[in-house]
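Each chain is listed here by its residues.
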Amino acid sequence: MDDWLADRFEGHRPHLRAVAYRMLGSLTEADDAVQDTWLRLSHAGVGGVDNLGGWLTTIVARVCLNVLRSRNTRREDSFGLQLPDPLITSDGELQPEDEAMLADSVGLALLIVLDTLAPAERLAFVLHDMFDLPFDEIAPMVGRTPAAARQLASRARRRVKGAEIPVPDPDLARQRDVVDAFFLAARGGDFDALVAVLHPEVVLRIDAGASRVAASMVIRGAAAVARQAHLGLKALFVRPAMDLLPALVNGAAGVVVTLDGQPMTVMGFTVANGKIVEIDAIADPDRVRRIAAGVLTDE
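Residues numbered from 1 in each chain as written. Predicted model: local features only at pLDDT ≥ 70, side-chain atom pairs only at ≥ 80, totals over all residues. Heavy atoms only, no water.

Hey, could you run me through unusual backbone geometry in this one?
Backbone phi values are negative for most residues with the exception of glycine, while trans is the configuration of most peptide bonds. Phi at Asn250 is positive, roughly 50°, even though this residue is not glycine. With respect to the helices, strands and loops of the structure, Asn250 is situated in the loop between strand E4 (242–249) and strand E5 (252–259). Within the chain, Asp260 stands out as a residue other than glycine whose phi angle is a positive 55°. One can find Asp260 in the loop between E5 and strand E6 (262–272). Here Asp260 falls in the exposed class, since its relative accessible area comes to 58%. (Helix = DSSP H or I, 4+ residues; strand = E, 2+ residues; numbered from the N terminus. Buried < 20%, exposed > 50% of the residue type's maximum accessible area, 1.4 Å probe, protein only.)

How should I be thinking about the nonpolar core in this particular structure?
Nonpolar side chains in soluble globular proteins tend to be buried together. With 65 residues, the main nonpolar core has Leu114 and Leu123 as its most contacted residues. Those residues within four positions of Leu114 in sequence are excluded, and the remaining contacts are Arg22, Arg122, Phe125, Val126, Met130 and Val160. Ala185, Leu198, Ile206 and Ile276 belong to the second largest nonpolar core, which has 30 residues in total. (Core = buried A, V, L, I, M, F, W, Y, C linked by side-chain atoms within 4.5 Å. Contact = heavy atoms within 4.5 Å.)

Before we go on, may I ask you to explain the sheet that holds strand E7 (residues 275–282) in this structure?
Working definition: the strands of a sheet are paired by backbone hydrogen bonds and lie parallel or antiparallel to each other. Read from one edge of the open sheet, seven strands run E1-E4-E5-E6-E7-E2-E3, paired in mixed fashion. Both outer strands of the open sheet, strand E1 (88–90) and strand E3 (217–220), are each paired with one neighbouring strand and no more. Strand-to-strand twist of the sheet, defined as the mean angle between neighbouring strand axes without regard to direction, takes the value 25°. Bridge count for E4 against E5 is eight bridges, and the pairing is antiparallel. (Pairing = 2+ DSSP bridges. Axes fitted to C-alpha atoms, helices over the stretch in contact; angles between N-to-C directions.)

Help me understand the packing of aromatic side chains, please; the structure alone is not making it clear to me.
Two descriptors summarise a pair of aromatic rings, namely the distance from one centre to the other and the angle between the planes of the rings. On inspection of all chains with the given rule, the structure shows four aromatic pairs. Ring geometry for Phe182 versus Phe183: centroids 5.1 Å apart, planes at 85°, classification edge-to-face. The residues Phe182 and Phe183 share a single accessibility class, namely buried. Between Phe183 and Phe269, the aromatic rings sit 5.8 Å apart at their centres with planes inclined by 75°, giving edge-to-face as the arrangement. (Phe/Tyr/Trp six-rings, centres within 6.5 Å; stacked < 30°, edge-to-face > 60°.)

Can you help me understand the environment of Ser216 in this one?
With respect to the helices, strands and loops of the structure, Ser216 is situated in the loop between strand E2 (198–207) and E3. The class of Ser216 is buried, set by a relative accessible area of 14%. The spatial distance from the C-alpha of Ser216 to the C-alpha of Leu81 is 6.0 Å, given a sequence separation of 135 residues. Ser216 has contacts with Leu81, Ile206, Asp207, Ala208 and Gly209, leaving out every residue within four places of it along the chain.

What follows is the structure, given as structure tokens:
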């Protein structure tokens, strides 16, 4: 019985992890939420459950809602920019398990906007707009009527649309060419070439972690981003032990920066119409080591 139940759960795991990742934007918390869902299933069994997939989705969504509410309380006492966990994979084709996680064009830009939503809004939007759950099923999770749950999703949808999230170029090779040109210009100290590959309204976000809050920042505009890239990368390029490992960051071109073989920074790029419109960098080595473990192992 236990093996049969475990096999059925494993069949739903990719879907549950995809739901949890969209809800939480954290790979570790998403995996914890899926594990919590398994523990609840293993204790409760499937007696009286007609739709196991729907039941599991409800459970993992409730777990994630509790995490979001707890996180919002903690963040009232925290400072600094906090970027979502990117899904980092080796440069090339996505693996099947990654495709479920990144369906519906779930890039870092969308996760950043989702992080601004209230927990109930995020749940309603994710479950309805991304996974087609009816509001009759969503309403009990947030303690609202179906009409009120619909309003939650509608408010979230307006926030997402209002953010004008850029649509990346579909050609990964073209994205990679632009990113390579960015680093070539930075390495050569060519300010004009840096500006040339940046959209005039480019946004650079740097999350340096809780221990270096002062180093976290958001910079806007091609000239300002080019100056920061020149200053920030110049010190790295003079070190022979520095390496740039090409990677996919939420399915788009990116890099993992290593020093002496140790991961230091992960950088995700959004390239649209041949220009870099967003750069999201996580410069917390402990966190980068965790989220980039698969890429480093492949190397």
